[in-house]
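# Tertiary structure, described
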Amino acid sequence: MIRPIVCALLLATVAAPVAAQQTRAISASDKRQGAQANPQLVTEFGGAYRGPQAAYVERVGRRVAVQSGLSNATGDFTITMLNSPVENAFAIPGGYVYVTRQLLALMNSEAELASVLGHEVGHVAARHSASRNTRSQIGSIGAAILGAVTGSNAIGQLAGTGAQLYTLGYGRSQEYQADGLGVRYITAAGYDPYAAASMLTQLDAETTLTARIAGRDAKATPGWASTHPNGADRIARARKLAQATGRPATADTQDTAFLRMLDGLPYDDDPAQGVIDGQTFRHPELRVRFAAPTGYTIANGTDAVTIAGSGGQATFQGSEASSPEAAITARFRALGGDVPEGAVQTGTANGLSYAWRTIRAAANNRAVDATVVAYRFPAAVYTFTLVTPGGAGIGPFQPLLNSVAALTPAQAAAIKGKIVRVVPVKAGDTIESLAARMAFPDYRRERFLTLNGLSADDRLVPGRLVKLVVTG
């Protein structure tokens, strides 16, 4: 039971507008800023998802946004579902709110979706994002060093492209404020206020599992945890906010309409943009594959793929040039740097010829090397742009360059994506038997439990709907 004084304080958070809520409309300057950033953000996250679930997300978002008190909120807010395999949601100035399809797949009710959207609308209403600079996370070298290599803002194209993850750097107090506003909005919109706590619990479980699978600390996990500080204290606070509304906790019944809506939703990588399997990237349309060095991570964007680790960063992308030499020159010029003189160096990998050049530069009182490597494929030229500590040159990325190979037509055709399939539990089904149908080589049971918000001791009742991830 909540003590009366605590309950009163929480009710004030939910029932009364906070100071930041006195803004009754989205400003013209915020609209301009958001409209300028929106296209790049959508591109970075794989483009807007156009499947049937997108209209559902937009409808729920507008229903929640109108509770914010902003004038004509349904028209002022742009709700976009992103074709991204990263679990995330965020907002930028101007009323632009984004949810990735991967995060949608993790949800188990419309109320949980509303809680995520309400939280992001709260950030917009409180103008949190207006005080932050959107920035990409690109690995250990960093945008500042990369910018100094060329002395040009154009290096942002390298730093941002394929980064997969934009952060707004909200502090704990801002997250709490957005939580309070979000609970207020979804309650007013008729949703279960306890959904915010259940969604945070679900996100925390997924973050922990993702970190476990990747063999790293949960704090390093890309996705929701990187942009939204989470933890048991925040989950408990969200539950108290729900209790403070005076609404009783609802029975644990399934939102079957929501779950059926998820059926057929793409999961993980979109094959049209290439797929990542462990350390290996394969693209069926470009007919290319390569593997990141051990300890390096791969992030797949619409226009580029980024490989980052302690020894530097590599960015893979196509070129319109007709030869590797021309591609190297064009890439350096596009980044605003001087084109190095002299002959290029050459090499071969798996029957493919490649060429490269390196620039030495000083950045923030430390030397760095910027290298452009270009491969000649039968129908195109592809490049890697490498940034490493001064003197390292290609160094840690030699295994990457050696792994580049062309896919045969049969290998390209064999690349399939994954989808969410919603199925009823049948008599005799168990967690183990259903988990065995998950299209993953490992952690099938853990993935199944987390995706469905189940615990290991839950009993599956025939007729209950569960989500599976299967080959599409």
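The paragraphs below set out a description of the structure included in this document.

Calculation rules
Per-chain numbering applies: the sequence of each chain, read as written, is numbered from 1 onward. Given that the model is predicted, a residue must reach a pLDDT of at least 70 before its local features are reported, and side-chain atom pairs must reach 80 or more before they are shown or counted; all residues, however, enter totals for whole chains, interfaces and linings. Side-chain measures were taken over the full set of non-hydrogen atoms in the model, leaving aside hydrogen atoms and water. Only DSSP runs of H or I covering at least 4 residues are called helices, and only runs of E covering at least 2 are called strands; the numbering of each starts at the N terminus. Only protein chains enter the accessibility calculation, which uses a 1.4 Å probe; a residue whose area is less than 20% of its type maximum is buried, one above 50% is exposed, and one in between is partly exposed. For the area figures, the Shrake-Rupley method with a 1.4 Å probe applies, and any residue is considered shielded solely by the protein chains shown. Planes of paired rings set the category: under 30 degrees apart is stacked, over 60 is edge-to-face and the rest tilted, where pairs are Phe, Tyr or Trp rings (Trp by its six-membered ring) whose centres lie within 6.5 Å. Two thresholds decide whether a charge sits over a ring: the Lys NZ or Arg CZ must be within 6 Å of the ring centre and within 35 degrees of the ring normal. Take the buried residues of types Ala, Val, Leu, Ile, Met, Phe, Trp, Tyr and Cys, join any two whose side-chain atoms come within 4.5 Å, and each joined set is a nonpolar core. Whether two residues are in contact is decided by their heavy atoms: any pair within 4.5 Å suffices. Paired strands are those between which DSSP finds at least two bridges.

### Some words on the overall build of the protein chain
- The secondary structure content of the protein chain amounts to 18 helices and 19 strands.
- Buried positions account for 53% of the 472 residues belonging to the protein chain.
- Surface summary for the protein chain: the accessible area is close to 19800 Å², and the carbon and sulfur share equals 51%.

### With respect to the packing of aromatic side chains
- Evaluation of the coordinates by the stated rule reveals 14 aromatic pairs.
- Aromatic side chains Tyr 354 and Trp 356 sit 6.0 Å apart centroid to centroid with 35° between the ring planes, which places their arrangement in the tilted category. By the burial criterion, Tyr 354 is buried, and Trp 356 matches it.
- Linked through ring pairs, Phe 281, Phe 290, Phe 316, Tyr 354, Trp 356, Tyr 375, Phe 377, Tyr 382 and Phe 384 together constitute an aromatic cluster.
- In this structure, Arg 237 packs its charged tip against the face of Tyr 176, placed 4.7 Å from the ring centre.
- In this structure, Arg 447 is placed above the aromatic ring of Phe 440, and the distance from its NZ or CZ to the ring centre is 4.1 Å.

### Remarks on the nonpolar core
- Residues Phe 77, Leu 103, Leu 104, Met 107, Leu 113, Phe 258 and Phe 448 are the most contacted members of the largest nonpolar core, which totals 64 residues.
- Looking at which element gives the most residues to this core, the answer is helix H6 (residues 110-125), with 8 residues.
- The contact partners of Leu 113, leaving out residues within four places of it in the chain, are Tyr 56, Val 57, Val 60, Leu 104, Met 107 and Phe 258.
- Within the second largest apolar cluster, 25 residues are counted, among which are Ala 314, Tyr 354, Phe 377 and Val 404.

### Describing the sheet that holds strand E8 (residues 280-283)
- Pairing is antiparallel in the open sheet, where 4 strands are placed in the order E7-E8-E9-E17. The open sheet has two edge strands with one neighbour each: strand E7 (275-277) and strand E17 (405-406).
- Pairing analysis gives 3 bridges linking E7 to E8, with the strands arranged antiparallel. Looking at the pairing, Val 275 lines up with Arg 282 of E8.

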